[in-house]
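Listed below are the residues making up each chain.
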Amino acid sequence: MEKNIIFVKNFETICFIGIYPEEKSKKQKVNISVKLEFKRTGYSDKLSNTMSYEIIIDYLKNIKNLQHINLVETLANKICNFFQSQKNICYIEIEIIKCNLLNKKTDVGFVLQKTIKV
C-alpha cells in the first residue's frame, strides 16, 4: 500500500495563545508542524496531481493575525479544519509547540491526529 505524505516541520511564528493574563497581552513563539496524507489524482510530474507545500505555508503564515486563542488544542483544531477542507486529504497530523516556557528552558505542546474518509 502506498502512502503520499507531505509535511512542513517546525514552522516558526508568533501568536496570542494561552490562558494567563500575560499571554493575552504579548504574542508567544510557537512552532507548528503539519503532516498531510493524501490520495494522488495521477502520477505525472504535475502539481495538479499532488498537494502543494505553498498551501500549507500560506495558511501557517496567517496564524500570526488570529485573535487570541486560549488553548493550543483550539488552534490545532482550527488548522485541522482548514486542511480537512482540501481535496483528497485522508489523514492530518498537527503538532504545536509553545516555545521557551519556564525560564526559556522548556517547550510544551499538543498533537492532533485525524483520519478522514475520502
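Look above for the structure.
Residues numbered from 1 in each chain as written. Predicted model: local features only at pLDDT ≥ 70, side-chain atom pairs only at ≥ 80, totals over all residues. Heavy atoms only, no water.

A. Representation of the nonpolar core in the model. With 28 residues, the main nonpolar core has Val34, Leu36, Leu60, Ile79, Phe83, Ile94 and Ile96 as its most contacted residues. For this core, the secondary-structure elements that each account for two or more residues are strand E1 (4-15), strand E2 (28-38), helix H2 (53-61), helix H3 (72-84) and strand E3 (89-100). (Core = buried A, V, L, I, M, F, W, Y, C linked by side-chain atoms within 4.5 Å. Buried < 20%, exposed > 50% of the residue type's maximum accessible area, 1.4 Å probe, protein only. Helix = DSSP H or I, 4+ residues; strand = E, 2+ residues; numbered from the N terminus.)

B. Molecular detail of the packing of aromatic side chains. Summed over the entire model, instances satisfying the criterion amount to 3 aromatic pairs. Both rings, one in Tyr59 and one in Phe82, keep their centres 4.2 Å apart while their planes meet at 15 degrees; by these two values the pair is stacked. Here Tyr59 is found in helix H2, whereas its partner Phe82 is found in helix H3, with 23 residues between them in sequence. On the accessibility criterion, Tyr59 (19% relative accessible area) is buried. Seen in terms of ring centroids, Tyr59 and Phe83 are 5.6 Å apart; in terms of plane orientation they differ by 70 degrees. Their pairing is edge-to-face. Of this pair, Tyr59 sits in helix H2 while Phe83 is found in helix H3, placing the two residues 24 residues apart along the sequence. The exposure class assigned to Phe83 is buried, which follows from its relative accessible area of 0%. By way of ring pairs, the aromatic residues Tyr59, Phe82 and Phe83 are connected into one cluster. Between the NZ or CZ atom of Lys9 and the centre of the ring of Phe7, over which it lies, the distance is 5.6 Å. (Phe/Tyr/Trp six-rings, centres within 6.5 Å; stacked < 30°, edge-to-face > 60°. Lys NZ or Arg CZ within 6 Å of the ring centre and 35° of its normal.)

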